[in-house]
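Observations on the three-dimensional arrangement
Letter by letter, the chains look like this.
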Amino acid sequence: MTADPQEVSEVSDCFNADWERADFDGGMDARLIWRPGNGRARIARFIDEAKHYLFLQNERYQDLTIIEHLVRAKQRGVRVHLLSLPPHSLKEKKVFEGVNGLRLMRDVGVKIHKLKGLQLHGKMLLADGKRAIVGEPSASRLDASNRKSNQSAAI
């Protein structure tokens, strides 16, 4: 919940665009992160600005751009820790990409903890104990043509 006037305005603008079946992009200066829209670039920038550690919680990691930024963070000395669903719990069409992303990150030393017996829906990124993204944008594949939902998160 928010009472921030800029965030409320962004949500209203997005709703109105969806109502009119028009494109919506909150832009890089938006208070909220929007997907499709500024999501991939904003999440990548968030990862790139981490200095000491990153904690991420997401059901699967498939977006190669985001995986690349996580790998680069690890290579520059950032401690990267991921919470993920175990691959066997993913839908059949998501398993291949989900497994590949986790293997790649494990191979470079990213710490991965697979949740068992829990449903993971919320997404979270925490950097250096000072900045966080909470909400819906995930590290699964981004599809800019997908208008079935606008996803937003707060920094």
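Keep in mind that this is a model prediction, so the values were computed, not measured.

Along the protein chain, the regular secondary structure elements total four helices and seven strands. Taking all 155 residues of the protein chain together, 41% fall into the buried category. Relative to all contacts within the protein chain whose residues are 6 or more apart in sequence, the contacts with residues 24 or more apart total 64%. A total of about 9,300 Å² of accessible surface is found on the protein chain, and carbon and sulfur atoms cover 52% of it.

Two side chains bearing opposite charge may form a pair once their charged atoms approach each other closely. Within the structure shown, the criterion is met by six salt bridges. Between Asp4 and Arg31 there is a salt bridge, with the nearest N and O atoms lying 3.6 Å from each other. Pair noted here: Asp4 is in the segment before helix 1 (5–19) and Arg31 is in the loop between helix 1 and strand 1 (32–35), with a separation of 27 residues, a long-range link. When its relative accessible area of 23% is taken as the criterion, Asp4 is described as partly exposed.

Before going further, it helps to examine the packing of helix 2 (residues 39–48) against helix 3 (residues 64–75). It is at 9 Å that the axes of helix 2 and helix 3 come closest, and there the two elements cross at 5°. In terms of orientation, helix 2 and helix 3 fall into the roughly parallel class. Contact residues: helix 2 offers Arg40, Ile43, Ala44, Ile47 and Asp48, while helix 3 offers Thr65, Ile66, His69, Leu70 and Ala73. Taken together, the residues of the contact of helix 2 with helix 3 break down into six nonpolar, two polar and two charged.

Its identity as a non-glycine residue notwithstanding, Arg21 has a phi of 55°, on the positive side. Tracing the sequence through the fold places Arg21 in the loop between helix 1 and strand 1. Judged by its relative accessible area of 76%, Arg21 is exposed. Although it is not a glycine, Asp128 sits at a positive phi angle of roughly 55°.

Turning our attention to the nonpolar core. Soluble globular proteins: nonpolar side chains tend toward being buried together. Grouped together as the largest cluster of nonpolar side chains are 23 residues, with contacts concentrated most on Ile47, Leu54, Leu56, Leu70, Val80, Leu82 and Met105. Top contributing element to this core by residue count: helix 3, with five residues. When near neighbours in sequence (up to four residues on either side) are disregarded, Met105 contacts Tyr61, Ile67, Leu70, Val71, Leu82, Val110 and Ile112. Within the second largest apolar cluster, six residues are counted, among which are Cys14, Phe24, Leu32 and Trp34.

When we look at a pair of aromatic rings, we describe it by the centre distance and by the angle of the planes. Following the criterion strictly, the structure yields two aromatic pairs and no others. Summarising the aromatic geometry, the rings of Phe15 and Trp19 are spaced 6.1 Å apart at their centres and angled 25° between planes, so their arrangement reads as stacked. Taken together, the positions of Phe15 and Trp19, both in helix 1 and four residues apart, correspond to about one turn of that helix. Given a relative accessible area of 63%, Trp19 falls into the exposed group. Aromatic pair Tyr53 and Phe55: ring centres 4.8 Å apart, planes at 35°, arrangement tilted. On the basis of relative accessibility, which here comes to 18%, the residue Tyr53 falls in the buried class. Residue Phe55 is classed as partly exposed on the basis of its relative accessible area of 32%. The ring centre of Phe46 lies 4.3 Å from the NZ or CZ of Arg131, which sits over that ring.

Reading the values: rules and limits
Residues numbered from 1 in each chain as written. Predicted model: local features only at pLDDT ≥ 70, side-chain atom pairs only at ≥ 80, totals over all residues. Heavy atoms only, no water. Helix = DSSP H or I, 4+ residues; strand = E, 2+ residues; numbered from the N terminus. Buried < 20%, exposed > 50% of the residue type's maximum accessible area, 1.4 Å probe, protein only. Contact = heavy atoms within 4.5 Å. Areas by Shrake-Rupley, 256 points an atom, 1.4 Å probe, with all protein chains shown as cover. Salt bridge = Lys/Arg side-chain N within 4 Å of Asp/Glu carboxyl O. Axes fitted to C-alpha atoms, helices over the stretch in contact; angles between N-to-C directions. Parallel < 35°, antiparallel > 145°, perpendicular 65-115°, else oblique. Nonpolar A, V, L, I, M, F, W, Y, C, P; charged D, E, K, R; others polar. Core = buried A, V, L, I, M, F, W, Y, C linked by side-chain atoms within 4.5 Å. Phe/Tyr/Trp six-rings, centres within 6.5 Å; stacked < 30°, edge-to-face > 60°. Lys NZ or Arg CZ within 6 Å of the ring centre and 35° of its normal.

Interpretation in functional terms is not warranted from these geometric data alone.
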